[in-house]
Amino acid sequence: MAVTAFFSAFMGVVVFFFSLSGNMGSPAHWIYAISMLAVFAAMIHTRAYSRWRRVFQVSFALLFMISFIGILYDERGSMSLTQDTVQSGEVPFCQIVIPAIIAPFALTGRVIFPARMTGHFASVMGMILLWFIATVTIGRGWCGWVCFYGGWEEGASRILKKPRVNLLSRNKDLRSFQFAFLFFVVLMSLGFMSSVYCEWFCPFKLVTEYAEISDLPSLIATVIFIGLFLGLVIVLPLLTRKRTQCSALCPFGAFQSLMDRFSSYRVVIDVDKCVGCMKCAEACSFCAIDRETIREEKGRPELTCAKCGECLSVCPTGAIRYQFSFQAVSDARIRAKGCSPVPKNAPSNRFGAYFQAILDPQYLFVFTAFTFSVIVSGKFIPDAFIRIASIAFGGPR
Ligand code: SF4
Ligand code: SF4
């Protein structure tokens, strides 16, 4: 209880700083702040990290859509992108484009995405700074904890209790495809000096903004967007219980898997405690645990792990946990024995035990990941509440 109170107090400061301050008179911001603190406290107290993470991510995806579309209508009167909008750089920048802009920028000094560089909530510099800090802390944990698109698949993938199509044996193929697709997107973006993924492959156009249908290519692109959204974001996650867009077609996800080596936390598997039941592999929606991962005692998931925590909650022996990246795997094995936030050799006095508990990488990772959840959602969720209330009860926003 003391650990929950300790971390919740700090999360209260984060929520205040990134949402409440400057909005103290707004009921929507108070509802947001109290809800986020309740979710976070439940997460720490129950240690059911993934369940509460999912509650947040699914809710965020839906509310983000409401807020984002509302903002587009406020700013330009439409969801559709016109040539004028593109030329004036009024297109919000999104993290998925980051890997595609790097090579053209390095070679020509030109940012190929038509967004503002600074001075907007989705400016290029702002998103890159946020991405950089997230990369050195939670790494690919961004996909599992923060991404405002991932919640669509997260929700769809958990509707059925059992998969109708089992993709476990295809995990490796999906991962390979994702990296090959990243390579293709980077190469095409460089070749055409434009954001090829956004123009042709982004399924989330349907819930954000889309190019005006003015000719045959834009009509074809729209049909592709609709097909990808229904196929990879709704139907396949529903049937497979996997986040198929995140696992196969998201260039940012693949890029972030490669960048994850710079992050401060990782997920480890204590091979001494593992009994080979494969529950973790079945539960992992990012295709990051194979039969070989367990059989060959690799001691950690494959490259695409998004640190979502689902495997931690299903493992019957408590063999999986978050670990600092700088710790050797052997440390992880020692710490994982007993599966307690307080190691067996903890000091006998209560203060010493709490002190060790609050330095536990599990709590620190969850706190850090949820901090990013607050940073990214702190504007959009209260804004969505206000928009919903104004539609439901009328009156000005
Ligand atoms: S390996 Fe575990 S933590 Fe990593 S993505 Fe899969 S379920 Fe989530
Ligand atoms: S769920 Fe736990 S015990 Fe089962 S295979 Fe995975 S790590 Fe091993």
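Residues numbered from 1 in each chain as written. Chains lettered and ligands numbered in written order. Predicted model: local features only at pLDDT ≥ 70, side-chain atom pairs only at ≥ 80, totals over all residues. Heavy atoms only, no water.

Looking up the protein in an unreviewed UniProt entry gives the name 4Fe-4S binding protein, with the organism given as Teretinema zuelzerae.

When you look at the overall build of the protein in this model, what are you seeing that I'm missing?
Secondary structure assignment for the protein yields 20 helices and four strands. Over its C-alpha trace the protein gives a radius of gyration of 21 Å, about what one expects of a compact globule, namely 21 Å for 397 residues. For the protein, the proportion of its 397 residues judged to be buried stands at 54%. Per element, the accessible surface of the protein, about 17700 Å² overall, is 67% carbon and sulfur. For the protein, the separation between the mean place of its 37 positive charges and that of its 24 negative charges on side chains is 8 Å. (Helix = DSSP H or I, 4+ residues; strand = E, 2+ residues; numbered from the N terminus. Rg over C-alpha atoms; globule rule 2.2 N^0.38 Å. Buried < 20%, exposed > 50% of the residue type's maximum accessible area, 1.4 Å probe, protein only. Areas by Shrake-Rupley, 256 points an atom, 1.4 Å probe, with all protein chains shown as cover. Lys, Arg positive; Asp, Glu negative; His and termini not counted. Charge placed at Lys NZ, Arg CZ, Asp CG, Glu CD.)

Is there a simple way to explain unusual backbone geometry in this structure?
Note: most peptide bonds trans; most residues except glycine with negative phi. We note that Arg241 has phi near 60°; this positive angle belongs to a residue other than glycine. With respect to the helices, strands and loops of the structure, Arg241 is situated in the loop between α11 (216–240) and α12 (244–249). Judged by its relative accessible area of 15%, Arg241 is buried. With phi around 70°, Met278 is a residue other than glycine that occupies positive phi space. The class of Met278 is buried, set by a relative accessible area of 13%.

I'm lost on the UniProt feature "transmembrane region" (unreviewed entry) in the protein in this one. Help?
Cross-referencing UniProt, the feature "transmembrane region" (unreviewed entry) maps to residues 6–23, 30–49, 55–73, 93–113, 128–152, 179–197 and 217–239 in the present numbering. Taken end to end, residues 93–113 comprises 52% helix and 0% strand; its first and last C-alpha atoms sit 7 Å apart. Counted over residues 179–197, helix gives 84% and strand 0%. Its end C-alpha atoms are 14 Å apart. (UniProt positions renumbered as here; feature names shortened; annotations may be inferred.)

Mind showing me how you'd approach the site of ligand 2 here?
In the vicinity of ligand 2 lie 13 residues, with Cys274, Cys277, Met278, Cys280 and Cys315 positioned nearest. Class assignment for the residues of the shell around ligand 2 results in ten nonpolar, two polar and one charged. (Near = heavy atom within 4 Å. Nonpolar A, V, L, I, M, F, W, Y, C, P; charged D, E, K, R; others polar.)

Before we go on, may I ask you to explain the environment of Met1 in this structure?
Positionally, Met1 belongs in the segment before α1 (2–20). Taking the C-alpha atoms as reference points, Met1 and Ala41, separated by 40 residues in sequence, lie 9.6 Å from one another.

What exactly am I supposed to notice about the pattern of salt bridges here?
It is possible for side chains of opposite charge to pair when their charged atoms get near one another. Under the counting rule described, the total for this entry stands at twelve salt bridges. With its nearest N and O atoms 3.0 Å apart, the salt bridge here joins Lys298 to Glu302. Owing to a relative accessible area of 39%, Lys298 belongs among the partly exposed residues under this scheme. Overlapping salt bridges, with partners in common, bring together Arg53, Arg54, Glu154, Arg158, Arg243 and Glu310 in one network. (Salt bridge = Lys/Arg side-chain N within 4 Å of Asp/Glu carboxyl O.)

Would you mind showing me how to read the environment of Leu130 here?
Position of Leu130 among the secondary structure elements: in helix α6 (residues 124–137). Look at Leu130 and you get buried, because its relative accessible area is 18%. The residues touching Leu130, leaving out its near neighbours within four places in the chain, are Trp142, Phe372, Ile375 and Val376. (Contact = heavy atoms within 4.5 Å.)

I would appreciate a short explanation of the confidence of the model for the protein in the present structure.
Close inspection of predicted coordinates is inappropriate in any region flagged by low pLDDT. Here the protein averages 89 in pLDDT, and 91% of its residues register 70 or above. Residue range residues 334–344 is modelled with pLDDT below 50. Its contacts to residues more than four positions away, or to other chains, number 27 contacts. (pLDDT = per-residue confidence, 0-100.)

Mind showing me how you'd approach the side chain of Gln256 here?
Along the polypeptide, Gln256 turns up in helix α13 (residues 251–259). Under the relative-accessibility criterion, Gln256 is labelled buried at 0%. Reaching out from Gln256, the side chain makes a polar contact with the backbone oxygen of Gly139 at a distance of 3.3 Å. Beyond its immediate stretch of four places on either side in the chain, Gln256 contacts Trp131, Thr135, Gly139 and Arg140. (Polar contact = N/O pair within 3.5 Å; in protein donor to acceptor, adjacent residues only side chain to side chain.)

What is the right way to look at the site of ligand 1 in this model?
Around ligand 1 sit Val267, Cys284, Phe286, Ile289, Pro301, Cys305, Ala306, Lys307, Cys308, Gly309, Glu310 and Cys311, and that is every residue in its neighbourhood. The class makeup of the residues in the shell around ligand 1 is nine nonpolar, one polar and two charged.

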